[in-house]
Amino acid sequence: MALAVAARAADFVGLARYGLFGTAPYREYLRRTESRLRALRGQGVEVHLRVFDAADYEDYCEAFGLDPGEAAARVAYAADPELAGEPFVYAGERLAELLPVLVDDHRARVRISVAGEALLDAVGDGPYGQRRLVAVMRFVTAAYLALAGGAGEGCHLLTLRCHGPEDGEELTAAADVRVEGGRLVGTGRDAEAFCVTLAAGVAARGSGALLLHGDPAASAGPQVRGWALAGGRLRPMAVQEVADSLTDDADRGLPFPPGAVPLPGFPLPDGPSAAGPSGAEDGGEPLG
């Protein structure tokens with residue numbers, strides 16, 4: 001069963017005007033929803049959750065000609081197969097603990113959808129587009145693993161902002177990276193969103209900045225390394241460039257890491273190339 005949950009009070013207020021929740025206040029709605037979820041799970045029903053986003057729901061109903069006040073529209077929205085990624089399965093958690101995780105999952109899905117569309121637009125159609133898509137994703141996977149390997153033990157944060165070369169829409173993403181015993185652990189939807197966003201920036205040959213924030217628990221302060229995205233390549237930043245990128249992020253409203261130690265980026269794998277329509281790669285030799 002698919003179920004959309006108004007995980008945020010503002011969404012509940014926006015949706016309540018369609019008469020979807022009766023006259024119950026938000027807390028009563030959450031209590032009833034949790035009871036329903038537990039009852040369904042007790043009956044052996046697997047429930048797939050998604051955020052009931054008021055603005056997204058209204059857009060969805062308008063696109064498909066549905067009445068937002070009808071139960072059928074709510075059911076269709078909850079089960080929308082276009083929702084990016086594997087389903088979010090309810091596992092018996094209390095809603096107070098579950099809702100923040102569900103909201104984070106929703107944000108990551110939105111980033112995946114937006115970046116995925118930008119990625120497909122950038123690589124193009126046909127056999128060349130398919131080859132380029134494979135090449136870009138291979139590079140992004142290798143770069144992500146290299147970033148995790150160079151981060152060292154502990155919990156780190158990757159941040160990315162990039163945009164296309166011709167006033168393209170800015171894309172942003174962030175993902176935690178945890179390394180234990182030399183192994184990358186706990187990758188999730190945020191990591192997927194980060195990789196798809198990086199792939200979109202690379203494929204579009206856009207520009208941007210990627211920062212690796214070291215473990216904030218480090219005694220000497222969190223180390224921050226950076227890479228500049230340009231022309232589909234990631235170039236290690238110098239120390240001053242990293243400091244400038246941190247300042248830019250602070251100007252955009254992101255908190256400046258206290259005690260941050262800017263360091264140069266380390267080398268990453270070479271950028272991707274794929275055979276073009278004439279058989280020659282973008283900046284490389286023809287593919288075999």
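Presented here is an overview of the structure given in this document. Computed from a predicted structure; not experimentally measured. (Residues numbered from 1 in each chain as written. Predicted model: local features only at pLDDT ≥ 70, side-chain atom pairs only at ≥ 80, totals over all residues. Heavy atoms only, no water.)

1. Comments concerning the sheet that holds strand E3 (residues 88-89)
As a reminder of what qualifies: A pair of strands is labelled paired if DSSP reports no fewer than 2 bridges between them. Helix numbers and strand numbers start at the N terminus; a helix is a DSSP run of H or I with at least 4 residues, a strand a run of E with at least 2. In this analysis, two residues are considered to be in contact whenever any of their non-hydrogen atoms come within 4.5 Å of each other. For helices, the fitted line uses only the C-alpha atoms of the stretch in contact; every axis is such a line through C-alpha atoms, and the angle between N-to-C directions lies from 0 to 180 degrees.
Ordered in space as E1-E2-E3, the 3 strands form an open sheet in which the pairing is mixed. The sheet is open, and its two borders are formed by strand E1 (2-5) and E3, each paired with just one other strand. Sheet topology note: the E1/strand E2 (residues 48-51) ladder contains 4 bridges and is parallel. By the bridge assignment for E2, Val-5 is matched with Val-51. Here helix H5 (residues 95-123) sits on the sheet in contact with E1, E2 and E3, set at roughly 75° to E2.

2. Observations regarding helix H8 (residues 239-251)
Where we set the bar: The length a helix should cover is 1.5 Å for every residue beyond the first. Residue burial is assigned from relative accessible area. The probe radius is 1.4 Å, only protein chains are included, and a residue is buried under 20% of its type maximum, exposed over 50%, and partly exposed in between. In this description, the arc belongs to the directions extending from the helix axis to the C-beta atoms.
Over its 13 residues, H8 extends 19 Å from the first C-alpha to the last, a length consistent with the 18 Å expected when each residue adds 1.5 Å. Among all positions in H8, only Val-242, Ser-245, Leu-246 and Asp-249 are buried. In an axial view of H8, the angular spread of the buried residues amounts to 100°, which keeps them on one side of the axis. When the buried face of H8 is taken as reference, the exposed residues oriented beyond 90 degrees from it are Gln-240 and Asp-251. Remark: Gly-253 follows H8 within two positions and exhibits a positive phi of approximately 105°.

3. Description of the packing of aromatic side chains
How two aromatic rings sit relative to each other is set out by the distance from centre to centre and by the angle between their planes. For the record, the criterion: Between rings of Phe, Tyr and Trp, where Trp is taken as its six-membered ring, a pair exists when centres lie within 6.5 Å; planes separated by under 30 degrees are stacked, by over 60 edge-to-face, and by other angles tilted. By definition here, charges over rings are those cases where NZ of Lys or CZ of Arg is within 6 Å of the ring centre and within 35 degrees of the ring normal.
Throughout the structure, instances matching the rule amount to 13 aromatic pairs. For the ring pair Phe-12 and Phe-21, a centre distance of 4.7 Å and an interplane angle of 15° mean the geometry is stacked. Using a relative accessible area of 7% as the deciding quantity, one classes Phe-12 as buried. Taken together, a centroid distance of 4.7 Å and an interplanar angle of 55° make the contact between Phe-21 and Tyr-29 tilted. As far as burial versus exposure is concerned, Phe-21 and Tyr-29 are alike and both buried. Aromatic ring contacts, followed pair by pair, group Phe-12, Phe-21, Tyr-26, Tyr-29, Phe-52, Tyr-57, Tyr-60, Phe-64 and Tyr-77 into a single cluster. The side chain of Arg-50 reaches across the aromatic face of Tyr-77, ending 3.9 Å from its centre.

Taken by themselves, the reported measurements are silent on function.
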